[in-house]
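Architecture and fold: a report
Spelled out from the first residue to the last, the chains are:
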Amino acid sequence: MGKYIIAGNWKMNKLPSETYDFVKEVVEATKGAECEVVCCTPYVCLAPAVEAAKGTHVKIGAENLHFEDSGAFTGEISADMLADLGVEYVIIGHSERRAYNNETDETVNKKIVKALSKGLIPIVCVGESLEEREAGITMDLIAIQIKKAFAGVSAEDAAKVVVAYEPIWAIGTGKTATDDQAEEVCGGIRNILAALYDEATAKAVTIQYGGSMNAKNCAGLLAKENIDGGLIGGASLKAPDFATIVAAAK
Ligand code: PGA
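What comes next is a walk through the structure. Given the structure is predicted, the values throughout are model-derived calculations rather than measurements.

Attention now moves to the sheet that holds strand β3 (residues 58-62). In spatial order, the strands read β1-β2-β3-β4-β5-β6-β7-β8; together these 8 strands close into a barrel with parallel pairing. Neighbour-to-neighbour, the strand axes of this sheet turn through a mean angle of 25°, independent of strand direction. Here strand β1 (residues 5-9) pairs with strand β8 (residues 229-232) via 4 bridges, running parallel. Across the sheet, the residue bridging to Ile 6 is Gly 230, located in β8.

Now the structure itself:
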């Protein structure tokens, strides 16, 4: 379906001083990758990460951005700042930011629109809590998140967006969604996009699974028709584990 993309989400891990060497390690370990390889790092690690990835197959992403161009937003980072640094991807609406940083479907939408307008590729996170899954409202919730996220986004731009399906109950818990559970929702996301846009656009979108994906369980997930990659937290912090997941994406 969409282009295979394996993206690491370092979250609040690793120091700027260890970033250059670690990204070089990822470059080495993932040589010959048949998918796009992305490292999303904390803001302060972006400059050495971009430096280490320069001229290689590895791309660098941020974990957030602000939706305004510039101005009095103390502590925030704009799309222009990221693009100027050579950053190509940006995670938007991760469930941790939705939970701890007042990220809403509305701010997620504004950030997607801004990122696209500046040539950054958004990795948009959606996903349900355990409570919502048990209440049987997973797909209703995902449909709302997707529709709100893509509001005002043209079909041409939508095709560039990466959607990461991340069930909240599977993030950092070691509790992965089964291959079939993940495929069911990722396929559902593709159907929602087809209804919003058209089949061709829906097929062009990369849909990742994220949530305790690791070197052991990645093959089954990535073999599913509608899973075009992964957003990897814990397992992206060790180059050999990350490389195993990259090798499974083809
Ligand atoms: P995890 O995190 O792989 O550590 O579960 C995934 C994510 O939150 O993107």
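Here the narrative resumes, following the displayed structure.
What follows is about the nonpolar core. Grouped together as the largest cluster of nonpolar side chains are 68 residues, with contacts concentrated most on Ile 6, Ile 60, Ile 146, Phe 150, Ile 189 and Tyr 209. Sort the elements by how many residues they give to this core and helix α9 (residues 179-196) lands first, with 7 residues. In terms of nonpolar packing, the next biggest core, distinct from the first, is built from 11 residues, Ile 5, Tyr 89, Cys 125 and Leu 231 among them.

Attention shifts here to the packing of aromatic side chains. What characterises a pair of aromatic rings is the spacing of the ring centres plus the angle enclosed by the ring planes. Inspection of the entire model under this criterion finds 3 aromatic pairs. With centroids separated by 5.4 Å and ring planes inclined at 75°, the aromatic side chains of Trp 10 and Phe 22 adopt a geometry described as edge-to-face. Highlighted residues: Trp 10 in the loop between β1 and α1 (16-29) and Phe 22 in helix α1, separated in sequence by 12 residues. Both residues of the pair, Trp 10 and Phe 22, count as buried. With a centroid separation of 6.1 Å and 70° between ring planes, the pair formed by Phe 150 and Tyr 197 is classed as edge-to-face.

Our focus in this paragraph is helix α2 (residues 46-53). The buried fraction of α2 amounts to 6 of the 8 residues, a majority that puts the element mostly inside the structure. Considered for burial, the residues of α2 that qualify are Leu 46, Pro 48, Ala 49, Val 50, Ala 52 and Ala 53. If you follow the buried residues of α2, they end up packed against α1, β3 and α3 (79-85). Among the residues trailing α2, Gly 55 stands out with phi positive, at a value near 75°.

Cut-offs used in this document
Residues numbered from 1 in each chain as written. Predicted model: local features only at pLDDT ≥ 70, side-chain atom pairs only at ≥ 80, totals over all residues. Heavy atoms only, no water. Pairing = 2+ DSSP bridges. Helix = DSSP H or I, 4+ residues; strand = E, 2+ residues; numbered from the N terminus. Axes fitted to C-alpha atoms, helices over the stretch in contact; angles between N-to-C directions. Core = buried A, V, L, I, M, F, W, Y, C linked by side-chain atoms within 4.5 Å. Buried < 20%, exposed > 50% of the residue type's maximum accessible area, 1.4 Å probe, protein only. Phe/Tyr/Trp six-rings, centres within 6.5 Å; stacked < 30°, edge-to-face > 60°. Contact = heavy atoms within 4.5 Å.

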